[in-house]
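Here is how the chains run, residue by residue.
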Amino acid sequence: MKFVAGLFGGLLFAILGDFVVAVIISAVPEPNESISGITLIILWIIGFVIAFKAERPAKAWRRLLISSAIITFLIPIAGFINSTIQVVNSDGTDSAEVIGMFVGGGLALGFFAVLSFFLGGVLLIVGLLVGRDKKVPSI
């Protein structure tokens, strides 16, 4: 069962991490598309390692869901880095162009912030509820 957690939970972890890297890399003037594929494979392997280090499959799911929630909360930061790189790399000296890029980046940042807040909240709540140790009643 740890294998299933590593397969599907690790894939979720890898896809979210790859999205964060792809958002940052997309602002680079000449992006290297192979970085995204390599990142996906490396993060999936890390997800497998997280799953196999757990004592029980429920703990593996807990760790993977909480790790995915943390990665999800990094999406707005990646959007901010993307918009900052685009403004810095803009070769135009027209201030209206720079302001437009800043406003567009801010709108994208707001969209990513709302999306990642809800998705990260769901992943965090589910991750905190799955695989808990049962309380032992004491007298």
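One structure accompanies this document, and this report is about it. The shown structure was predicted, so the numbers you read here are calculated from the model rather than taken from an experiment.

Another point: the nonpolar core. The biggest cluster of nonpolar side chains holds 13 residues, and the ones touching the most others in it are Val-20, Ile-71 and Leu-123. Listing elements by their share of this core, those giving two or more residues are helix H1 (2-25), helix H3 (57-73), helix H4 (75-89) and helix H5 (95-129). Element by element, the count of residues in this core is highest for H1, at 5 residues. Setting aside its immediate chain neighbours within four residues, Val-20 contacts Ile-71, Leu-74, Ile-75 and Ala-78. With 5 residues, the next largest nonpolar core counts Ala-5, Ala-51, Ala-54 and Leu-64 among its residues.

Take H1 next. Since the α-helix packs 3.6 residues into each turn, any two residues three or four apart lie on the same face. End to end, H1 covers 32 Å across 24 residues, agreeing with the expected 34 Å (1.5 Å per residue, within 8%). When the local axis directions of H1 are compared, the greatest deviation, roughly 25 degrees, occurs at Gly-10. Those residues of H1 not exposed but buried are Ala-5, Gly-6, Gly-9, Gly-10, Phe-13, Ala-14, Leu-16, Gly-17, Asp-18, Val-20 and Val-23. On its buried face, H1 sits against helix H2 (34-53), H3, H4 and H5.

We now examine the pattern of salt bridges. On inspection of all chains with the given rule, the structure shows 3 salt bridges. Arg-63 is paired through a salt bridge with Glu-55; the nearest N and O atoms lie 3.4 Å apart. Lys-59 is the salt-bridge partner of Asp-133, the closest N and O atoms lying 3.4 Å from each other. Taken together, the residues Asp-133 in the segment after H5 and Lys-59 in helix H3 connect sequence positions 74 residues apart. Residue classification places Asp-133 among the exposed residues on the basis of a relative accessible area of 57%. In this structure Lys-59 comes out as buried when scored by relative accessible area, which is 14%.

Running from amino to carboxyl end, H1 crosses H3 at an angle of 5 degrees, the nearest separation of the two axes being 9 Å. The orientation of H1 with respect to H3, classified from their angle, is roughly parallel. Listed contacts from H3 to Lys-2, Val-4, Ala-5, Gly-6, Phe-8, Gly-9, Gly-10, Leu-12, Phe-13, Leu-16, Gly-17 and Val-20 of H1 are Pro-57, Ala-60, Trp-61, Leu-64, Leu-65, Ser-67, Ser-68, Ile-71 and Thr-72. Of the residues belonging to the contact of H1 with H3, the class tally is 13 nonpolar, 7 polar and 1 charged.

What counts and how
- Residues numbered from 1 in each chain as written.
- Predicted model: local features only at pLDDT ≥ 70, side-chain atom pairs only at ≥ 80, totals over all residues.
- Heavy atoms only, no water.
- Core = buried A, V, L, I, M, F, W, Y, C linked by side-chain atoms within 4.5 Å.
- Buried < 20%, exposed > 50% of the residue type's maximum accessible area, 1.4 Å probe, protein only.
- Helix = DSSP H or I, 4+ residues; strand = E, 2+ residues; numbered from the N terminus.
- Contact = heavy atoms within 4.5 Å.
- Expected span 1.5 Å × (residues − 1).
- Bend = angle between axes of the 7 residues up to and from the residue.
- Salt bridge = Lys/Arg side-chain N within 4 Å of Asp/Glu carboxyl O.
- Axes fitted to C-alpha atoms, helices over the stretch in contact; angles between N-to-C directions.
- Parallel < 35°, antiparallel > 145°, perpendicular 65-115°, else oblique.
- Nonpolar A, V, L, I, M, F, W, Y, C, P; charged D, E, K, R; others polar.

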